[in-house]
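# Summary of the model geometry
The residues making up each chain are set out below.
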Amino acid sequence: MKIAMIGTGYVGLVSGVCFSDFGHEVVCVDNNPAKVDMLRRGEVPIFEPGLDQLMKTNVDAGRLSFTGDLAEAVKGAGAIFIAVGTPTRRGDGHADLTYVYAAAEAVAHCMSDYAVVVTKSTVPVGTNRKVEEIIRTARPDLGFDVASNPEFLREGAAIDDFMRPDRVVVGVESDRAQDLMGEVYRPLFLRDFPIVYTDLESAEMIKYAANAFLATKITFINEIAALCERTGADIKAVSKGMGLDNRIGNKFLHAGPGYGGSCFPKDTHALARIGQDFSVPLQLTETVIKVNEDVKRRMIVKLQDMCDGSFNGKTIAVLGVTFKPNTDDMREAPSLTIVPALIGGGARVRVVDPQGRREGEALLPGADWMDDAYSAADGADAIVLLTEWNEFRALDLSRIASSMATARMADLRNVYSAQDAKAAGFAVYVAVGR
């Protein structure tokens, strides 16, 4: 089947590449000529492990191509995916649907034969109805269906998530559309991965509800971590004891400096606004949003205490600034709150991140970028482990401690232990919830 993928951002590019690996003919379209040229050269504009090679394999096989011509992409396509951005709208927390609706309008004028227009972007309940209305108003003569197919891709593990999903959610309203979407995902169906067919509204809600629930787990364990610090309990032991309960599970129970990224902050805000619009205030989700911001600010206080009450004149090494490992994504990362607070307090901040520099230089003005943890720590007054990249998990702590002006470490991901840090020569070691 020919598939058109509108948008080559994170979701669109990963989905398009993976669909082509299923054997479909995929044309990815983007209105940014520079990005199209980059993709045609085989360059990937985002960091996602394995994506560059998988893209090359399918381009070489003739199943994957890139264009700026929407009509070319849509012509003959059985499924047309809309995978454009839905950022948080300034001022009110709503998802900005400008790009989704513009894509729907443009698609309507390019289609000639029946196709299913599939919304892959994360959108509020009712959006797919509006997409259908836009297309039908523009082209009342056109035969088409609309489907909702939200993505559940974790940055850093997106290819595996696409190829081995927990489930695929498809909102459809006709047998024809369901059959076509079944063909799109046939390789997964044949391998017994669950495909959940629902109505449009339920598919839209599943995405938001899932992300809000996971954000709640993270925020809950971060609150418990704060309580552990006051009571003498160890959050690692508490998380393990909780996670062994099958009703709870051990995922997303790792204490840290708060959640970030492209999904959880945006989707919790959007869900809260949906609740307000329908006069069903989602008090739990609203509280999660507030507490997560409080967690980030609490980390600043923790670091200030470690630095004798002041950052002024201190040199501080920060290890990791992306919101999680194995991605270059800086969106809503805790570092965007913590690092400016350090610099604003008078510290000289040295930053190390394997993939964060491309975005981070503009987002963290005033920080000095270093090549590795050891050069960053040399002569520093404190070191902060903020993102748990693998290369920060087995550091020579003795080498780092001996090179520092004052050996102080804030391990905000609980990678190490106080015993190991003190044995290595750290005079001060602080973690989260311990």
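Residues numbered from 1 in each chain as written. Predicted model: local features only at pLDDT ≥ 70, side-chain atom pairs only at ≥ 80, totals over all residues. Heavy atoms only, no water.

Turning our attention to the sheet that holds strand β9 (residues 315-319). Read from one edge to the other, the open sheet built from 6 strands follows the order β11-β10-β9-β12-β13-β14, with strand pairing classed as parallel. Because the sheet does not close on itself, it has two edges, and the strands there are β11 (368-369) and β14 (428-430). As defined by bridge partners, β9 adjoins strand β10 (residues 348-352) across 5 bridges and the pair is classed as parallel. If you follow V318 over to β10, its bridge partner there is V351. Here helix α13 (residues 283-306) sits on the sheet in contact with β12 (382-385), β13 (408-411) and β14, set at roughly 165 degrees to β13. (Pairing = 2+ DSSP bridges. Helix = DSSP H or I, 4+ residues; strand = E, 2+ residues; numbered from the N terminus. Contact = heavy atoms within 4.5 Å. Axes fitted to C-alpha atoms, helices over the stretch in contact; angles between N-to-C directions.)

Right, let's talk about helix α14 (residues 335-344) for a bit. Looking only at α14, the buried set comprises S335, I338, V339 and L342. All buried residues of α14 lie within an arc of 90 degrees about the axis, which places them on one face of the element. Against the buried residues of α14 lie α13, β9 and β10. G346 sits one or two residues past α14 and shows a positive phi near 100 degrees. (Buried < 20%, exposed > 50% of the residue type's maximum accessible area, 1.4 Å probe, protein only. Arc of directions from axis to C-beta.)

Taken as a whole, the second largest pocket spans an internal volume of roughly 150 Å³. If you go around the second largest pocket, the residues you meet are A226, E229, R230, R298, V301, K302, D305, M306 and V430. Elements with a minimum of two residues in the lining of the second largest pocket: α10 (200-231) and α13. Ranked by residue count, the leading element in the lining of the second largest pocket is α13, at 5 residues. Here the residues of the lining of the second largest pocket are counted per class, giving 4 nonpolar, no polar and 5 charged. (1 Å grid on protein atoms, 1.4 Å probe; cavity = no way out; pocket = protein on both sides within 12 Å on 5 of 7 lines; lining within 4 Å. Points joined across faces, edges and corners; volume = space filled by probe spheres on them. Nonpolar A, V, L, I, M, F, W, Y, C, P; charged D, E, K, R; others polar.)

A general tendency of soluble globular proteins is for nonpolar side chains to be buried together. Membership of the largest hydrophobic core comes to 44 residues, with the highest contact counts inside it found for L13, F19, F81, M181 and Y185. Once you skip the residues sitting within four places of it in the chain, F81 turns out to touch I3, A4, M5, I6, F19, V118, K120, N149, M181 and V184. (Core = buried A, V, L, I, M, F, W, Y, C linked by side-chain atoms within 4.5 Å.)

Here the focus is empty space enclosed by the protein. Taken as a whole and judged by the stated rule, the model has 2 cavities of 30 Å³ or more. Empty space within the largest cavity amounts to approximately 130 Å³. In terms of lining, the largest cavity is formed by 14 residues, of which the most central are K120, F152, F162, R167 and V168. Size it by volume and the second largest cavity reaches roughly 40 Å³. Looking at the second largest cavity, the residues that line it are T119, S121, T122, V123, S148, P150, E204 and K207.

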